[in-house]
Amino acid sequence: MNSTDHALQAARPSRLAQALRFDNAFVRELPGDPVEGPQVRQVHGALYSRVRPTPVAAPRLIAWSPEMAERLGLEATDVESPEFAQVFGGNALVDGMEPFAANYGGHQFGNWAGQLGDGRAITLGETVNAQGERWELQLKGAGKTPYSRFADGRAVLRSSIREFLCSEAMHHLGVPTTRALSLVTTGEPVLRDMFYDGRAREEPRAIVCRVSPSFIRFCNFELPASRGDTGLLKTLIDFTLRRDFPELSGSGEALYADWFGAVCERTARLMADWMRVGFVHGVMNTDNLSILGLTIDYGPYGWIDDFDPDWTPNTTDAHGRRYRFGTQPDIAFWNLGQLANALAPAFASAEPLQAGLDRYADAYNAAARANIAAKLGFAECRDADPELMGRLYGVLQAGEIDMTIFFRTLAQFDPAAPSPDLFADAFYDESRRKSVAKDLSDWLARYAARLKDDPLPAAARREQMRRANPRYVLRNYLAQQAIDRAEQGDYAGIHELLDVMRRPYDDQPGREAFAARRPDWARNRAGCSMLSCSS
């Protein structure tokens, strides 16, 4: 049955309606599009358009996050009820929901792209839990919006699995992120040309419910600024301060400056966290940077396997490599520069904005130094330690050494017996291992000397390194294995992988395979090495 044969029902599932208390500040306090519905259009003078999800044939819940459900005040019986799948599959609304798609513009791959907007994301509403926390519930892949342009607003199962798993995996790694509540299949196929090579095929469709205190991004401010609508720009700034930054006080330009500086600092700490765990976002456009400093929009992401600062998982970025691993802190700074340009009409001069950008540089350098101390097991990062880490990175790259395995193994290092054989399992190529043997031995000797001069006791050092260097990360090939099974109707791989990623810093006996280096068969396989923006 086609989704258009279904009418969206205004449902009131008894427990969901009781558990989810809505306070939709975004649509209540900000100007909206006077036209409703998904017809594609340019929207001026408004920050959102009201649009409802497109109903689907057979919504079925296949995975959910118990931690996120509990945070929202939902019990297992609520989530596993038939009503839940109807609501979070796009077929029904709980009383209090006011669905909309946000209107924004942005820079994509360094170029101004004009109006973009939520092309396949529809916010259901903002719910406030018993602790007073505000959570915006957003369906990704729920159908067309006024900002879908030539797309259909839908999402395939493979990309939905990846977003669901990564949202939760990053949270458990301690990296600021949007969350995922649920993953619902629709019972309908969707046509996709994954690599834009003319080989489109039908794939199963799915919808992820993303959850965040706010989905406002850098780009939300860029569109009104680009149109010269300073009034709308200031309205959005004031709203963002009021709702999302209540800890900031003051008024006028001083408050604006403090806010921009806070955004810069949060973004800096996020970049340091990405670099610490080896995460590559893959598409750091300004519409994919959160004003709250959260990881947002999980598309063609990946984790570094063999250490390579020039690697990007995004096929669209394969030539220019703008969003490669090593450039992420610089790209974040560039994006903040675009945000500063957008905010400039709200400031009398550029000095407060430059001060905020300076705060980014200072915050990132401080966080990067803290990461060096944590990853290498030092009481503090001394002035010579960044150069020591830089030399190690050179060895890791030259030797094609697995980043995650190496740093996790380093915690077992005995400075009294600095043997490179300890790291044998981290190498992908035996000839590379031989070629860097002397350089690795020399580095280990230098590292051993540094440890002997450090006041941190050995047990404390190992524990610190264990907390900074994960044992398990969501490697692309692991996600692809779960996707392959799910496309055949077996969802157990999703559940198992989600469970492993709940404790990424713990050794989990019996699950050593999830911590292994990337197998040779996955080196160049689609979904395991490179991914496209198509989903």
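Above this text is the structure in question.
Residues numbered from 1 in each chain as written. Predicted model: local features only at pLDDT ≥ 70, side-chain atom pairs only at ≥ 80, totals over all residues. Heavy atoms only, no water.

**What about the nonpolar core?**
What counts is decided by this rule: What makes a nonpolar core is a set of buried Ala, Val, Leu, Ile, Met, Phe, Trp, Tyr and Cys residues whose side-chain atoms join them at distances within 4.5 Å. Per-residue accessibility, obtained with a 1.4 Å probe over protein chains only, is compared with the maximum for each type, and a residue is labelled buried under 20%, exposed over 50%, and partly exposed between these values. Only DSSP runs of H or I reaching four residues or more are called helices, and only runs of E reaching two or more are called strands; each is numbered from the N terminus. Only heavy atoms matter for contacts: two residues are in contact if any of them lie within 4.5 Å across the pair.
Formed by 130 residues in total, the largest nonpolar core has its most connected members in Phe 221, Leu 376, Leu 410 and Ile 494. Here this core takes 14 residues from helix H9 (residues 252-277), the largest share from any one element. Residue contacts for Phe 221: discarding those within four places in its chain leaves Ile 216, Leu 233, Leu 236, Ile 237, Thr 240, Trp 259, Ile 291, Leu 339, Ala 342 and Leu 343. Core analysis: the second largest hydrophobic core is formed by 34 residues, Leu 20, Ala 46, Leu 124 and Val 184 among them.

**Regarding the pattern of salt bridges**
Here is the rule: Salt bridge criterion: a side-chain nitrogen from Lys or Arg within 4 Å of a carboxyl oxygen from Asp or Glu.
Tallied over the entire structure, the rule returns 52 salt bridges. As a salt-bridge pair, Glu 430 and Arg 433 come within 3.7 Å of each other at their nearest N and O atoms. With a gap of three residues between them, Glu 430 and Arg 433 both fall in helix H14 (residues 430-435), about one helical turn apart. One salt bridge connects Asp 442 with Lys 438, and the closest N-O pair in it is separated by 2.8 Å. Note that Asp 442 and Lys 438 are positioned in helix H15 (residues 437-452) at a spacing of four residues, about one turn of the helix.

**Details of the packing of H9 against helix H11 (residues 351-376)**
Helix-helix packing: each pair is described by the crossing angle between the helix axes and the interaxial distance. Rule in force here: Under this scheme, a helix contributes an axis fitted over its contacting stretch, all axes are lines through C-alpha atoms, and angles between N-to-C directions fall in the 0 to 180 degree range. The scheme is simple: roughly parallel for angles under 35 degrees, roughly antiparallel for over 145, roughly perpendicular for 65 to 115, oblique for anything else. Crossings are sorted by hand: turned counterclockwise from the far helix by less than a right angle, the near helix makes the crossing left-handed, and turned clockwise it makes it right-handed. The nonpolar class holds Ala, Val, Leu, Ile, Met, Phe, Trp, Tyr, Cys and Pro. Asp, Glu, Lys and Arg form the charged class, and all remaining residues, Gly among them, are polar.
For the pair H9 and H11, the least separation of the axes is 8 Å and the interaxial angle reads 30°. Comparing their axes, H11 and H9 come out roughly parallel. In the packing of H9 onto H11, the handedness of the crossing is right-handed. When its residues are assigned to classes, the contact of H9 with H11 shows 16 nonpolar, four polar and seven charged.

**Describing helix H7 (residues 219-226)**
Count 3.6 residues to each turn of an α-helix, and residues three or four apart come out pointing the same way. Of all the eight residues making up H7, six are buried; the element is thus mostly covered by neighbouring parts of the structure. Residues Cys 219, Asn 220, Phe 221, Glu 222, Leu 223 and Pro 224 constitute the buried set of H7. Summarising the contacts, the buried residues of H7 are in contact with strand S3 (100-102), strand S4 (105-108), strand S5 (111-115), helix H8 (230-244), H9 and helix H10 (328-343). Of the residues one or two after H7, Gly 228 is the one with positive phi, at around 75°.

**Focus: the packing of aromatic side chains**
Short version of the rule: We call Phe, Tyr and Trp rings a pair once their centres come within 6.5 Å, taking the six-membered ring for Trp, and we label the pair stacked below 30 degrees between planes, edge-to-face above 60, and tilted otherwise. To sit over a ring, a charge needs its Lys NZ or Arg CZ within 6 Å of the ring centre and within 35 degrees of the ring normal.
Applying the stated rule across the entire model yields 26 aromatic pairs. Between Phe 378 and Tyr 447, the aromatic rings sit 5.9 Å apart at their centres with planes inclined by 45°, giving tilted as the arrangement. Here the residue Phe 378 occupies a position in the loop between H11 and helix H12 (385-398), and Tyr 447 occupies one in helix H15, the gap between them amounting to 69 residues. A cation sits over an aromatic face here: Arg 322 above Trp 334, 4.6 Å from the ring centre. Taking NZ or CZ as reference, Arg 518 lies 4.6 Å from the ring centre of Tyr 428, over its face.

**A few points about the pairing of S5**
Keep this limit in mind: Strands were regarded as paired on the criterion that DSSP finds at least two bridges between them.
Here S4 pairs with S5 via three bridges, running antiparallel. Among the inter-strand pairings, Gln 108 is bridged to a residue of S5, identified as Asn 111. Counted along the chain from S4 to the antiparallel partner S5, the turn is two residues long, and its residue Phe 109 has a positive phi close to 55°.

**A few points about the side chain of Asp 305**
Here Asp 305 lies in the loop between strand S11 (302-303) and H10. Leaving out residues up to four positions away in the same chain, Asp 305 has contacts with Ile 401, Asp 402, Met 403, Tyr 428, Arg 475 and Arg 518.

**Brief notes about H8**
We apply this condition: For a helix, the expected span equals 1.5 Å multiplied by the residue count minus one.
Taking 1.5 Å per residue as the helical rise, H8 with its 15 residues ought to reach 21 Å, and the 20 Å between its terminal C-alpha atoms agrees with that figure. Of all the positions in H8, only Leu 232, Leu 233, Leu 236, Ile 237, Phe 239, Thr 240, Leu 241, Arg 243 and Asp 244 are classed as buried.

**Observations concerning the pairing of strand S8 (residues 179-192)**
A regular strand carries its side chains on alternate faces of the sheet. Among the 14 residues in S8, 11 count as buried, and that is most of the element. Sheet topology note: the strand S2 (residues 60-64)/S8 ladder contains four bridges and is antiparallel. By the bridge assignment for S8, Trp 64 is matched with Ser 182. For S8 and strand S9 (residues 201-212), the ladder comprises 10 bridges, and the chain directions are antiparallel. Looking at the pairing, Val 190 lines up with Glu 203 of S9.

**Details of empty space enclosed by the protein**
The test is simple: Detection works on a 1 Å grid of protein atoms alone, calling trapped sets that fit a 1.4 Å probe cavities and calling open sets with protein on both sides within 12 Å along at least five of seven lines pockets, with lining residues defined by an atom within 4 Å of a point. Grid points are joined across faces, edges and corners, and a volume is the space filled by probe spheres set on the points.
Within this structure, the stated rule accounts for two cavities of 30 Å³ or more. Of the voids in this model, the largest cavity is the one considered here, and its volume is about 80 Å³. Taken together, Phe 26, Phe 100, Ala 102, Tyr 104, Asp 118, Thr 123, Glu 136, Gln 138, Phe 215, Ile 216, Arg 217 and Asn 220 form the lining of the largest cavity. Listed by contribution, the elements that provide at least two residues to the lining of the largest cavity are S3 and strand S7 (134-140). Of the residues assigned to the lining of the largest cavity, the class counts are six nonpolar, three polar and three charged. Put simply, the second largest cavity is a space of about 40 Å³.

Don't take any of this as a statement about function, it's just geometry.
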